[in-house]
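Spelled out from the first residue to the last, the chains are:
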Amino acid sequence: MGVRVKICGLTRLEDALLAEALGAHALGFVLAPGSKRRISPETARTISEALGPFVVRVGVFRDQGPEEVLKLMEAARLQVAQLHGAEPPEWAERVGRFFPVVKAFSLEGPARPEWAAYPAQALLLDGKAPGSGEGYPRAWARPLLETGARVILAGGLTPENLGEVLPLKPYALDLASGVEEAPGVKSPARLRALFARLEAWNRGV
Ligand SMILES: O=C(O)c1ccccc1NCC(=O)[C@H](O)[C@H](O)COP(=O)(O)O
């Protein structure tokens, strides 16, 4: 199987349906205050309910307490919670009683192997400013990849630079601005280019 892909920061039904049709494994909805891609739980729910059963709906949160996260997850009919701030492990444990958790770390230097002990089903390595399109030297991911944890690589990925990360064999990739026309508005051409590139990689081209 090829690498899994999450398309993040969706705000429009047509973009979500296209990403699903092209083969995205997961779709992300940002419910964090202050994001340019923030979506209301009502709109996220409408989109979630229109999708097929086999694409994972992810809620993205930043420094929101576990009760607020659980309330929004339920209201928006989402399935996996991505914690993108400085959430203590106890918050993830509380959310994790109800939903699988992805914990994101913003890199300012190499990833730390001890992050593998955080109570989450997968760990996401992002650039310094989430959703900004800013990357980092990809070798910074190695210390965490080497622990055998499920590592999702994000931060400044585009259809053009996937060659930097695919050889690292991450659990998944996560893209927001690299497939957009504007924050929250996906580009059909760039989405198609992304999945065409992945298909070519899987065929060994
Ligand atoms: O995208 C946002 O606006 C955002 C805001 C607050 C917390 C997380 C956010 N995005 C989370 C993601 O999973 C993005 O896909 C990830 O940061 C990569 O973004 P990009 O570098 O633009 O591909």
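Residues numbered from 1 in each chain as written. Predicted model: local features only at pLDDT ≥ 70, side-chain atom pairs only at ≥ 80, totals over all residues.

- The name that an unreviewed UniProt entry assigns to the protein is N-(5'-phosphoribosyl)anthranilate isomerase, with the source organism given as Thermus thermamylovorans.
- Regarding the protein, the relevant UniProt record gives this comment under Pathway (unreviewed entry): "Amino-acid biosynthesis; L-tryptophan biosynthesis; L-tryptophan from chorismate: step 3/5."
- Under the UniProt heading Catalytic activity (unreviewed entry), the entry covering the protein gives this text: "N-(5-phospho-beta-D-ribosyl)anthranilate = 1-(2-carboxyphenylamino)-1-deoxy-D-ribulose 5-phosphate". (UniProt positions renumbered as here; feature names shortened; annotations may be inferred.)

**Concerning the overall build of the protein**
Part 1: A count of helical and extended segments in the protein gives 6 helices and 10 strands.
Part 2: In summary, the protein has a C-alpha radius of gyration of 16 Å against a globular reference of 17 Å for 205 residues, a match within 12%.
Part 3: The principal-axis extent of the C-alpha atoms belonging to the protein is close to 45 × 40 × 30 Å.
Part 4: Counting over 205 residues, the protein shows a buried share of 40%. (Helix = DSSP H or I, 4+ residues; strand = E, 2+ residues; numbered from the N terminus. Rg over C-alpha atoms; globule rule 2.2 N^0.38 Å. Buried ≥ 20, exposed ≤ 12 C-beta atoms within 10 Å, placed from the backbone.)

**Considering the environment of Pro 100**
Part 1: For Pro 100, the position within the fold is in the loop between helix H4 (89–96) and strand S5 (101–106).
Part 2: The partly exposed category is assigned to Pro 100, around which 15 C-beta atoms lie within 10 Å.
Part 3: Measuring from C-alpha to C-alpha, the distance between Pro 100 and Gln 121 comes to 6.2 Å, with 21 residues separating the pair along the chain.
Part 4: Those residues in contact with Pro 100 that sit more than four places away from it in its chain are Val 80 and Gln 121. (Contact = placed C-beta atoms within 7 Å.)

**Remarks on the pairing of S5**
Part 1: Here strand S4 (residues 80–83) runs beside S5; their pairing, made up of 3 bridges, is parallel. Its bridge partner being in S5, Gln 82 is matched across the sheet by Val 102.
Part 2: Following the chain from S4 across H4 to the adjacent parallel S5, one finds a crossover that is right-handed.
Part 3: Two strands pair when backbone bridges link them, and S5 and strand S6 (residues 122–126) are joined in this way by 5 bridges, in the parallel orientation. (Pairing = 2+ DSSP bridges. Right-handed = clockwise from strand over helix to strand, strands pointing away.)

**Points about the nonpolar core**
Part 1: Core analysis: the biggest nonpolar cluster contains 56 residues, and Ile 7, Leu 27, Phe 29, Leu 31 and Leu 125 have the highest contact counts within it.
Part 2: Apart from residues no more than four positions distant in its own chain, Phe 29 is found in contact with Leu 10, Ile 39, Ala 44, Arg 57, Val 58, Gly 59, Val 60, Ala 76 and Leu 78. (Core = buried A, V, L, I, M, F, W, Y, C linked by C-beta atoms within 7 Å.)

**Structural notes on the site of the ligand**
Part 1: With respect to spatial proximity, 26 residues lie near the ligand, and among them Cys 8, Pro 130, Gly 131, Ala 176 and Ser 177 are the closest.
Part 2: Broken down by secondary-structure element, the contributors of at least two residues to the shell around the ligand are strand S2 (26–30) and strand S8 (172–175).
Part 3: For the shell around the ligand, a count of residues per class yields 9 nonpolar, 12 polar and 5 charged. (Near = placed C-beta within 6 Å. Nonpolar A, V, L, I, M, F, W, Y, C, P; charged D, E, K, R; others polar.)

**A closer look at the UniProt feature "domain: N-(5'phosphoribosyl) anthranilate isomerase (PRAI)" (unreviewed entry) in the protein**
Part 1: In the numbering used here, UniProt assigns the "domain: N-(5'phosphoribosyl) anthranilate isomerase (PRAI)" (unreviewed entry) feature to residues 5–195.
Part 2: From the first C-alpha to the last, residues 5–195 spans 9 Å; its make-up is 27% helix and 21% strand.

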